Amino acid sequence: MSTSLKNIYQVVIVFTLMTITGSIALILRLVSFGLLTNFNRKYFIAYSSKITMWLVGIKLDLPKENPIREGNYFITFNHNSYLDVFALTALGYTNTVFLLSEITLKIIPLTISALSIGIMYIPQKKHLARRMKFFINLEKKIIAKKINIIGASEGVHLQHHGIDKFNRGIYHMSKLCNLSIIPLFINVPKESNPFSKYKYFKRGIIKVEILNTVSPSKWEIENLDFHVQEMREIYVKKFNETHIEKIQL
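About the criteria used
- Within any chain, residue numbers begin from 1 and follow the written order of that chain's sequence.
- Confidence filtering applies because this is a predicted model: local features only for residues at pLDDT of at least 70, side-chain atom pairs given and counted only at 80 or more, and all residues used for totals across whole chains, interfaces and linings.
- Based on all heavy atoms of the structure, the side-chain values leave hydrogens and waters out of the count.
- Here, any two strands with at least 2 DSSP bridges between them count as paired.
- A run of H or I in DSSP counts as a helix once it spans at least four residues, and a run of E counts as a strand once it spans at least two, with each numbered from the N terminus.
- To obtain each axis, a line is fitted to C-alpha atoms, and for helices this fit is confined to the stretch in contact; angles are then taken between N-to-C directions over 0 to 180 degrees.
- Contacts are assigned to residue pairs that have any heavy atoms within 4.5 Å of one another.
- A cavity, in this analysis, means grid points on a 1 Å lattice covering only the protein atoms where a 1.4 Å probe fits yet has no way out; a pocket is instead an open set bounded by protein on both sides within 12 Å along at least five of seven lines, and a residue lines either one if it has an atom within 4 Å of a point.
- Grid points are joined across faces, edges and corners, and a volume is the space filled by probe spheres set on the points.
- Polarity classes work like this: nonpolar for Ala, Val, Leu, Ile, Met, Phe, Trp, Tyr, Cys and Pro, charged for Asp, Glu, Lys and Arg, and polar for all others, with Gly in that last group.

Draft legend 1. Focus on the sheet that holds strand 5 (residues 148-152). Taken together, seven strands build an open sheet; the order of strands is 1-7-6-2-5-3-4 and the sheet is mixed. Each edge of the open sheet carries a strand with a single partner, namely strand 1 (58-61) and strand 4 (120-122). Sheet twist, expressed as the average angle between the axes of neighbouring strands with direction ignored, equals 25°. The sheet strands contacting helix 2 (residues 37-55) are strand 1 and strand 3 (96-101), and the helix crosses strand 1 at an angle near 135°.

Next up, the structure:
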């Protein structure tokens, strides 16, 4: 099979399954008035993500333990491939709200699946006022409802084989809401990474690792940029340990 045909096959498989399973899961959430949201997170979408990746030749190596204990957490991860959304949803974490950029709303199959598990959309940086209001409301919701949050530290960026700059907004949220931080490292082999494009990628294994939990309780808002850089260095170090290539801090 030619590379172009393989590319078409992969895109059709991924988008078709996302649309079908996402639609069913969204209906379940709607008819249950939200009561089946955690069911979708733990089972329906989680297994759909695993099957979708298996069909396109990607095996997911996921941690068996669930790092979420008593208390509330901010779960973050390195984001250099759109395949990481499948690895993350395959984890099946409940009572956890994913944060996704509004820029992804144009990807209809993804949006359908996202709505079925209660994803919240972050306004883009160019909409600064709405973005700030979003985080203020999110912080109130975290405190009131005691939910966990999962989001990328790098946010929207041109994906590449490395660690990009970290955003400070989600760490400001973590500090104000006293959320312990669980860093997840997603190892996507370079040859298996389509990065930001829908191009053919080789079979491979995407591995998710749980790194040491970080407490922001002693952080100072005045030194937040320093603490954000510390978090990024954790990922740079892990990336360099996992890959031969070195990237500049």
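Draft legend 2. Region of the structure containing empty space enclosed by the protein. Applying the stated criterion across every chain, the model contains three cavities of 30 Å³ or more. The space that makes up the largest cavity amounts to roughly 130 Å³. At the level of secondary structure, the elements contributing two or more residues to the lining of the largest cavity comprise helix 1 (3-31), helix 2, helix 3 (84-89) and helix 4 (108-116). Split by residue class, the lining of the largest cavity holds eight nonpolar, six polar and no charged.

Draft legend 3. Seen up close, the pairing of strand 7 (residues 204-210). Across four bridges, the pairing between strand 1 and strand 7 is parallel. Across the sheet, Asp61 pairs through a bridge with Lys207, a residue of strand 7.

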